[in-house]
Amino acid sequence: MSDVTLAAPPTPSALPEQPVSAHDANSLISMRDIWKTYEMGSEQVHALHGVSFDIPKGEYIAIIGPSGSGKSTLMNLIGCLDTPSKGEYWLNAKNVSLMDDDELARIRNQEVGFVFQTFNLLARATALHNVELPLIYGGIGSSQRHEMAKEALRAVDLSDRITHRPNELSGGQRQRVAIARALVNHPSILLADEPTGALDTHTSMEIMDLFERLHGEGNTIIVVTHEHDIAERAHRVISIRDGLIEKDEKIR
Amino acid sequence: MKLIRSDIYENLKMALATLRANKLRSFLTVFGVMIGVITVMLISSIISGVDTAVKKELESYGTNSIFISKYNPGIHIGRLSREERMRKDLTYDDAVALTQLPAVELSVPFLDIGNNFFGQKILVSSPGKTSAAVALQGTLPDFERAGTQIVKEGRFFTQYENDNNEEVAVVGSSVGQDFFPYGSPVGQEMGIGGRQFRVVGVLEKREQFLLGGGDDDQNNIIYVPFNVARKLKPGSNDVYVQAVARKGMMDEALDQITDLLRVRRQVPFGKPDNFGLQTAELFLSNFRSILSGVAIAMVVISSVGLMVGGIGVMNIMLVSVTERTREIGVRKAIGARRSDIMWQFLIEAATLTGFGGLVGLSIGWLLTFLLRLLLPSYVPLWAPIGGFVASVGIGLIFGLWPAWKAARLDPIESLRYE
Ligand SMILES: Nc1ncnc2c1ncn2[C@@H]1O[C@H](COP(=O)(O)OP(=O)(O)O)[C@@H](O)[C@H]1O
Ligand SMILES: [Mg+2]
């Protein structure tokens, strides 16, 4: 990963009005002065106010902050589940802020792999079928789909569980199925929102070991958490508070 | 990119699981669609069966035949009007007069003598059997040329035999079998109304299309010369006439017969006919207008059934969308487009109603088998195809709103939904 030129971490945008530099074409992710505002009746809630940062390919980043600080909002924007109220978001040199619904769906399918706190697997489907799901939406034929899904399950050491349904699997195994599902399309980023939030300490460490390994294999990983020991496994930590970046530091 | 990027197998499984999970609503859904499809199957098979049978039956009398009676044509429902009952009878002379018309090939009178002058059944007997349950008709030898009845053995009686009051008879195939089981009836003696008749011919068996296995009038019949029949039932004037138009001159024949009969029966100018002409074609079109009433009833019943099914499936799908909000969120997060979600729920709804349609088709199919014991019927190909297409279509139409609701859900809110 040494070929990536790491720019100095952007300065925390304490003053949102200050002019921001153009997006970095070399970065996988480039966010410029991102705002997210919710209308609550007559009141406006700014979940994010003017966030800017760059993430090069292959990084392992933790986004940490207290509850309500805007972590999930930021993650939903990175994962293209949502679009910013203001600002520019460049993913793989494409301006996501301007995309329509179908284009966003395509980005979520091809470029992003989501891992959720509560796994979010389809209860009635087998592990294999759950992992195949993104490939279905990617329009990939069934035999190739099977092979790719089996390969992804092998990568998370679940080759012997492919016909099991979620209720026949432990929490850690379910999260590994979810990770396989996130990875199966070979996305540009793996996005995990509190991935260990529903797991015990031991299993949490196993999942974090898996993330470390996946990072070692070249994946770009962003983990959202409020736990410091989870954040410390990453190589760079972005701390946010009240919708602003408070700190952005490389720790490894 | 393919239009439907959905996993049909998965959607089918989901649909069946939904069906199992919501038993009562599923039952209503399936039941309504089922009733609709069964109705289509049954009524269409009745209509096409009866229609074909009636058509064949009528054609067997000859498509050029015109049946003339003193009553109005058409299918009578209820009592005849007083005026109709008071009309004077057609006569032998009327029948003979019609033969002179240029568009008429032949014309023969019939005298029905099932009952004698005192209203008693006329007895028919052979050395081994006596029965009153045989139709007896007097006619002329020209009848053979109409082609309605074909002589299989022996011959038809002749004009000479008619003119000389000879007691000869031509018998239908069942009469031949019933009264003379051990050999040919031709040349045998038969008692009819107390007189001795000689059998000169046996008719070919006429096929019965409409009520197979019912009582067999068409073959259980004896024809005797017209003059002889009149002797068996003196004073009988219950005459009807069968005329046959020359080839391709049906319309002319109808006009000429009408004009001549109006003159002979002294119908004043401007007054309606006091007799009726019936042709196979006319009868069929009358009959078909009755059938189309039945068809409308079918459409109504089956639409009500399909509507009930449609509302059921809409209900069930709305519940399903709410219950699976989170799943919809997940699907969107991993790349499902709105159209993908839309198709998923549409396929699910169509599976539900399509399932109901298939159940209806199977039950309907079994019922048409039972029906065949009572009525001539067959299932026209369009009925199962149309029934199935309609049931799937109902799912697609009534699934539209729930599917649209699902497709429109916000992914983030759906993912947060408990
Ligand atoms: N859909 C929404 N409508 C209104 N306010 C929202 C909505 N989503 C998030 N917020 C607000 O935005 C802020 C950030 O929320 P969130 O990103 O979920 O924080 P975190 O994930 O760090 O706990 C909170 O104050 C929250 O109440
Ligand atoms: Mg959160």
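Quantities reported herein were computed from a predicted structural model and do not represent experimental measurements.

(A) Inspection of the overall build of chain B at higher detail. Counting secondary structure elements, chain B contains 15 helices and 12 strands. Taken over the C-alpha trace, chain B has a radius of gyration of 33 Å; the compact-globule value for 418 residues is 22 Å, which it surpasses by more than 25%. Counting every position in chain B, which comprises 418 residues, the buried fraction comes to 50%. Within chain B, counting contacts between residues at least 6 apart in sequence, those at least 24 apart form 80% of the total. In the structure as shown, chain B presents an accessible area of about 20,400 Å², 62% of it carried by carbon and sulfur atoms. Taken as two groups, the 43 positive and 40 negative side-chain charges of chain B have centres that lie 9 Å from each other.

(B) Geometry of the domain arrangement of chain B. Taken domain by domain, chain B comprises domain 1 (2-56 + 286-416) and domain 2 (114-235). Taking only C-alpha atoms into account, the centre of domain 1 of chain B sits 57 Å from that of domain 2 of chain B.

(C) Main features of the site of ligand 1. Looking at ligand 1, the residues that line it are A:Tyr38, A:Met40, A:Ala47, A:Pro66, A:Ser67, A:Gly68, A:Ser69, A:Gly70, A:Lys71, A:Ser72, A:Thr73 and B:Arg416. At a separation of 3.1 Å, an oxygen atom of ligand 1 approaches a polar backbone atom of A:Gly70. Within the side chain of A:Ser72, an N or O atom sits 2.7 Å from an oxygen atom of ligand 1. Contact with the protein chains hides 69% of the accessible area of ligand 1, taken as 560 Å² for the molecule alone.

(D) Summary view of a nonpolar patch on the surface. Residues and elements named next belong to chain B. A cluster of nonpolar side chains, Leu28, Ile296, Val300, Val304 and Val308, forms an exposed patch at the surface whose accessible area comes to about 430 Å². Residue contributions to the nonpolar patch peak at four residues, all from helix 10 (residues 280-323). Locating valine 308 in the fold gives a position in helix 10.

(E) Quick look at the pairing of strand 8 (residues 220-225) of chain A. Residue and element names in this part refer to chain A. With six of six residues buried, strand 8 is to be regarded as a mostly interior element. Burial along strand 8 is two-sided: Thr220, Ile222 and Val224 facing one way and Ile221, Val223 and Thr225 facing the other are all buried. Sheet analysis places strand 3 (residues 60-64) next to strand 8, joined by five bridges and oriented parallel. Each bridged residue has a counterpart across the sheet, and for tyrosine 60 the counterpart in strand 8 is isoleucine 221. In this sheet, strand 8 lies alongside strand 7 (residues 189-193) in parallel orientation, the contact comprising five bridges. Considered in strand 8, the bridge of leucine 191 is made with isoleucine 222. In this region the chain leaves strand 7, passes through helix 6 (residues 201-216) and returns to the parallel neighbour strand 8; the handedness of that crossover is right-handed.

(F) Quick peek at helix 3 (residues 127-137) of chain A. Residues and elements named next belong to chain A. In terms of residue burial, helix 3 counts as a mostly covered element, since 11 of its 11 residues are buried. Of all the positions in helix 3, only Ala127, Leu128, His129, Asn130, Val131, Glu132, Leu133, Pro134, Leu135, Ile136 and Tyr137 are classed as buried. Phi turns positive, to about 75°, at glycine 139, one or two residues after helix 3.

(G) Fine view of the interface of chain A and chain B. Contacts between chain A and chain B engage 23 residues on the former and 24 residues on the latter. Summing both partners gives a buried area of about 2,200 Å² for chain A against chain B, and 57% of it is carried by carbon and sulfur. Counting across the chain A and chain B interface gives one salt bridge. Of the charged contacts, one joins A:Asp101 and B:Arg338 as a salt bridge, the two residues approaching to 3.0 Å between their closest N and O atoms. In this assembly, chain A and chain B are joined by six residue pairs in polar contact (both at pLDDT 80 or more). Elements that contribute at least two residues to the side of chain A that touches chain B include exactly helix 2 (101-110) and helix 3 of chain A.

(H) Representation of a negative patch on the surface in the model. All names here are of chain B. On the surface, a cluster of negative charge is contributed by Asp251, Glu252, Asp255, Asp259 and Glu281. The biggest single contributor to the negative patch is helix 9 (residues 250-264), with four residues. If you trace the backbone, aspartate 259 turns up in helix 9.

(I) Quick peek at the sheet that holds strand 4 (residues 86-91) of chain A. Residue and element names in this part refer to chain A. Strand order in the open sheet formed by four strands is 2-1-4-5, with antiparallel pairing between adjacent strands. Where the open sheet ends on each side, the last strands, each with one partner, are strand 2 (43-55) and strand 5 (94-95). Those strands touched by helix 1 (residues 71-78) are strand 1 (29-40), strand 2 and strand 4, and its axis lies near 120° from that of strand 1.

(J) Layout of the nonpolar core. B:Ile66, B:Ile68, B:Met190, B:Ile192, B:Ile222 and B:Ile257 are the most contacted members of the largest nonpolar core, which totals 58 residues. Beyond its immediate sequence surroundings of up to four residues, B:Ile68 is in contact with B:Leu90, B:Leu98, B:Tyr240, B:Val241, B:Ala243, B:Ile257, B:Leu261, B:Gly276 and B:Leu277. Within the second largest apolar cluster, 40 residues are counted, among which are A:Ile64, A:Ala127, A:Ala180 and A:Leu183.

(K) Spatial organisation of the pairing of strand 6 (residues 112-115) of chain A. Residue and element names in this part refer to chain A. Burial of the side chains of strand 6 extends over both faces: Val112 and Phe114 are buried on one face and Gly113 and Val115 on the other. When strand 6 meets strand 7, the two strands line up parallel, connected through four bridges. By the bridge assignment for strand 7, glycine 113 is matched with leucine 190.

(L) Broad picture of the confidence of the model for chain A. Looking at chain A, the pLDDT average stands at 89 and 90% of residues meet or exceed 70. Note on residues 1-19 of chain A: pLDDT under 50 across the span, and 22 contacts to partners over four residues away in sequence or across chains.

(M) Looking closely at the packing of helix 13 (residues 382-398) of chain B against helix 14 (residues 400-408) of chain B. Residues and elements named next belong to chain B. Packing of helix 13 against helix 14 leaves a shortest axis separation of 4 Å and a crossing angle of 40°. Classified by the angle their axes make, helix 13 and helix 14 are oblique. Contacts from Leu396, Ile397 and Phe398 in helix 13 reach Leu400, Trp401 and Pro402 in helix 14. Per-class residue counts for the contact of helix 13 with helix 14 are six nonpolar, no polar and no charged.

Reading the values: rules and limits
- Residues numbered from 1 in each chain as written.
- Chains lettered and ligands numbered in written order.
- Predicted model: local features only at pLDDT ≥ 70, side-chain atom pairs only at ≥ 80, totals over all residues.
- Heavy atoms only, no water.
- Helix = DSSP H or I, 4+ residues; strand = E, 2+ residues; numbered from the N terminus.
- Rg over C-alpha atoms; globule rule 2.2 N^0.38 Å.
- Buried < 20%, exposed > 50% of the residue type's maximum accessible area, 1.4 Å probe, protein only.
- Contact = heavy atoms within 4.5 Å.
- Areas by Shrake-Rupley, 256 points an atom, 1.4 Å probe, with all protein chains shown as cover.
- Lys, Arg positive; Asp, Glu negative; His and termini not counted.
- Charge placed at Lys NZ, Arg CZ, Asp CG, Glu CD.
- Domains from an automatic or database assignment.
- Near = heavy atom within 4 Å.
- Polar contact = N/O pair within 3.5 Å; in protein donor to acceptor, adjacent residues only side chain to side chain.
- Patch = residues over 30% accessible without salt bridge, like charges linked within 9 Å, V, L, I, M, F, W, Y side chains within 5 Å.
- Salt bridge = Lys/Arg side-chain N within 4 Å of Asp/Glu carboxyl O.
- Pairing = 2+ DSSP bridges.
- Right-handed = clockwise from strand over helix to strand, strands pointing away.
- Buried area = accessible area lost by both parts, 1.4 Å probe.
- Axes fitted to C-alpha atoms, helices over the stretch in contact; angles between N-to-C directions.
- Core = buried A, V, L, I, M, F, W, Y, C linked by side-chain atoms within 4.5 Å.
- pLDDT = per-residue confidence, 0-100.
- Parallel < 35°, antiparallel > 145°, perpendicular 65-115°, else oblique.
- Nonpolar A, V, L, I, M, F, W, Y, C, P; charged D, E, K, R; others polar.

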